[in-house]
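Chain and residue survey
The primary structure of each chain is shown beneath.
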Amino acid sequence: KLHIFYDKGFKDEADLLSETLKSYFGIAAQTAVHTSSGVKDIRLLKEDGLGDEAYKLEVTSRGITVKASAKAGLFYGIQSLKLLIDPENYNKGVSSKIVLPLVTITDEPRFGSRSLMLDVARNFQPKEQILKMLDIMALYKLNTFHFHLNDDEGWRLEIPSIPELTETGAHRAHWEEGKEYNSLPP
């Protein structure tokens, strides 16, 4: 049985890690407020003095410890823990033992803004693809998502009081030979 112990204020991150372990690996982990823990447990602990997005991750033979001053730092520490797992273990057909390297990682971002822009005005993406993109952003510890919804190529944001915007603007005009579209080149 795997236990995830957490300090006060880190319950959401403990629940997220528990859900991740269950959905990817079928590992049921129980979460509880931090007390003295046994061997092979995961501990999410508060450590003052670290930056908001900084963390310390330690994998030893006695278990895993992630320390941070703030929720963001703990979240990024969990993302690093996920990156330590061999990608073959993410294959749902593989039911092998997960082996982690014994490491100590102290990390803090160099830049305050780490971003990605997704332009659905010119290149529409389904909701599932956008959610997948957000998960990948988290894994790479990007913290700003610029969602480009509207442009001259398409209006993707529905405004109920102005239905003409989406009735006309939600569909991109494709160039057809012999037709003129405003100032598009031939």
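This text goes with the structure placed above it.
So, here is what we can say about the structure in this document.

Here is what the cut-offs are and how they apply
Residues numbered from 1 in each chain as written. Predicted model: local features only at pLDDT ≥ 70, side-chain atom pairs only at ≥ 80, totals over all residues. Heavy atoms only, no water. Helix = DSSP H or I, 4+ residues; strand = E, 2+ residues; numbered from the N terminus. Buried < 20%, exposed > 50% of the residue type's maximum accessible area, 1.4 Å probe, protein only. Contact = heavy atoms within 4.5 Å. Areas by Shrake-Rupley, 256 points an atom, 1.4 Å probe, with all protein chains shown as cover. Salt bridge = Lys/Arg side-chain N within 4 Å of Asp/Glu carboxyl O. Pairing = 2+ DSSP bridges. Axes fitted to C-alpha atoms, helices over the stretch in contact; angles between N-to-C directions. Parallel < 35°, antiparallel > 145°, perpendicular 65-115°, else oblique. Left-handed = near helix turned anticlockwise from the far one by under 90°.

Take the overall build of the protein chain next. Across its full length, the protein chain holds four helices and ten strands. If you list the helices and strands of the protein chain from N to C, you get β-α-β-β-β-β-α-β-β-α-β-β-β-α. Put simply, the protein chain has 186 residues, and 30% of those count as buried. Counting only contacts in the protein chain whose residues sit at least 6 apart along the sequence, the fraction spanning at least 24 positions is 55%. Per element, the accessible surface of the protein chain, about 12,300 Å² overall, is 55% carbon and sulfur.

Our focus in this paragraph is the pattern of salt bridges. Following the criterion strictly, the structure yields six salt bridges and no others. For Lys 67, the salt bridge is made with Glu 47, and the minimal N-O distance between the two is 3.8 Å. Of this pair, Lys 67 sits in strand 5 (residues 63-68) while Glu 47 sits in the loop between strand 3 (41-46) and strand 4 (55-60), placing them 20 residues apart in sequence. The exposure class assigned to Lys 67 is partly exposed, which follows from its relative accessible area of 27%.

Counted residue by residue, strand 3 has five buried out of six residues, so it is predominantly covered. As paired strands, strand 1 (residues 2-6) and strand 3 are joined by three bridges and run parallel to one another. Pairing of Phe 5 across the sheet is with Arg 43, part of strand 3. With six bridges connecting them, strand 3 and strand 5 associate as parallel partners. When the bridges of strand 5 are listed, Arg 43 appears paired with Thr 65.

Within the open sheet, the six strands sit side by side as 2-1-3-5-4-6. Their pairing is mixed. Where the open sheet ends on each side, the last strands, each with one partner, are strand 2 (29-33) and strand 6 (103-107). The sheet shows a mean angle of 10° between the axes of neighbouring strands, direction not considered. Here helix 1 (residues 11-25) sits on the sheet in contact with strand 1, strand 2 and strand 3, set at roughly 160° to strand 1. This element, helix 2 (residues 71-84), spans strand 3, strand 4, strand 5 and strand 6 of the sheet and lies at about 35° to strand 4.

A word on the packing of helix 1 against helix 2. Contact pair helix 1 / helix 2: the axes reach a minimum separation of 10 Å and the direction vectors enclose 20°. By the angle between their axes, helix 1 is roughly parallel relative to helix 2. In terms of crossing hand, the pair formed by helix 1 and helix 2 is right-handed. Contacts from Asp 12, Glu 13, Leu 16, Leu 17 and Thr 20 of helix 1 reach helix 2 at Lys 71, Leu 74, Phe 75, Ile 78, Leu 81 and Lys 82.

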